[in-house]
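Structural characterization, general
If you want the building blocks of each chain, they are given just below.
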Amino acid sequence: MSLMDALTYIGLVVIFPGFVFTALIGMASSWIDRKVSARLQWRVGPPWYQPIADIVKLMCKETVVVEGSARFTFLSAPFIGFAAVVLVSTIIWMASIQPETGFVGDLIVVLYLLYIPSLAMIVGGSASRNPFAALGASREMKLMLAYELSFLIAVFTLVVNNGGIISLGGMVAYQQANGPMLGQGLSSIIAFIVALIYVPAKLGIGPFDIAEAECELIAGPYTEYSGAPLAAFRITKAMLLCALPVLLVTLFATSAWTPWAILWYVLILVFIILIRNTNPRLRIDQALRFFWGPVLILSLVGIVLAAVGL
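Values in this document were obtained by computation on a predicted structure and should not be read as measured data.

Conventions and cut-offs
- Residues numbered from 1 in each chain as written.
- Predicted model: local features only at pLDDT ≥ 70, side-chain atom pairs only at ≥ 80, totals over all residues.
- Heavy atoms only, no water.
- 1 Å grid on protein atoms, 1.4 Å probe; cavity = no way out; pocket = protein on both sides within 12 Å on 5 of 7 lines; lining within 4 Å.
- Points joined across faces, edges and corners; volume = space filled by probe spheres on them.
- Helix = DSSP H or I, 4+ residues; strand = E, 2+ residues; numbered from the N terminus.
- Nonpolar A, V, L, I, M, F, W, Y, C, P; charged D, E, K, R; others polar.
- Axes fitted to C-alpha atoms, helices over the stretch in contact; angles between N-to-C directions.
- Parallel < 35°, antiparallel > 145°, perpendicular 65-115°, else oblique.
- Left-handed = near helix turned anticlockwise from the far one by under 90°.
- Contact = heavy atoms within 4.5 Å.

This brings us to the layout of surface pockets. The computed volume of the largest pocket comes to approximately 1,000 Å³. Surrounding the largest pocket, 33 residues form its lining, R34, E212, R234, K237 and R276 being those nearest its centre. Looking at the lining of the largest pocket, the elements that each hand over two or more residues are helix 2 (19–40), helix 3 (50–59), helix 10 (227–252) and helix 11 (259–278). In terms of residue count, the dominant contributor to the lining of the largest pocket is helix 10 (six residues). Across the lining of the largest pocket, the residue classes break down as 14 nonpolar, seven polar and 12 charged.

Here it is, written out as structure tokens:
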């Protein structure tokens, strides 16, 4: 590999379309979420630069490590989750911008990498030696085991519908030739509904903010975090707020790099904001019953319909 090629790859991951581009969109989306939520509650809400100011402030703070905690695990977990989201963002964006640059199985790689931010929160909270953090990590683990299965079934419903393509670039090319997956049968519509429910649960926002539950657990797995590690968690969550809707647009609406993709992204963001502001936080047992019951059954119905060609 030449020096120019190396610099190109670094630019793709660090600047565009990887870290910087995704982080800016994610922080802008988080500001819109906070602003709209504030207006619904008759508050003014934060200024447009508040998400960036929060990150800068945390980066300037001291990092405190609890005595007796697993220091290396505690400090490394946030940055491992952050690195995974950067890779996910780069793969998804490149599949939309240049479908031919994808590789066979990159969809499976993305699904695996999406586990890592949740696992980082679980491992980091468990390593902090704080009972509130450990309880929050336990809740996140149970919730993750519940919502991930339904989402996997929804994704592989699309794979059945498109004839076995497991490449994001291949799925984009297939939709460009045959139309959006969302318009290709009842099974794809059901898969989209399941995937849409998955997004707020993966982001850990209301009504699925069970792991943090500020009024119960202070901040859940984040309780003992401060400084740069907490900033890494915040950036990771902001980037997921961009990456997950973009993944849905790529899977169901042809490509995330079209003028229509902006409308799709806005609609998904509106859905997230509405769900957050119109539903109280669920208990962990309620969330588990919801995902292991109606959502799982719906996803199974979708993949069965896909298998019979509907």
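Still to come is the rest of the account.
Contact geometry for helix 4 (residues 71–97) and helix 7 (residues 168–178): axes closest at 8 Å, N-to-C directions at 30 degrees. The pairing of helix 4 with helix 7 is recorded here as roughly parallel in orientation. In this structure, helix 4 crosses over helix 7, and the sense of that crossing is right-handed. On helix 7, the residues that touch I91, I92, A95 and S96 of helix 4 are L168, G169 and V172.

Taken as a whole, this structure holds one cavity of 30 Å³ or more when the rule is applied. Roughly 200 Å³ of internal volume is contained in the largest cavity. When residues of the lining of the largest cavity are traced back to their parent elements, those giving at least two are helix 4, helix 5 (106–126), helix 8 (186–203) and helix 10. Top element by residues in the lining of the largest cavity is helix 10. It accounts for four residues. Looking at the lining of the largest cavity, its residues break down into 10 nonpolar, four polar and five charged.

Without other data, these values stay purely geometric and don't point to any function.
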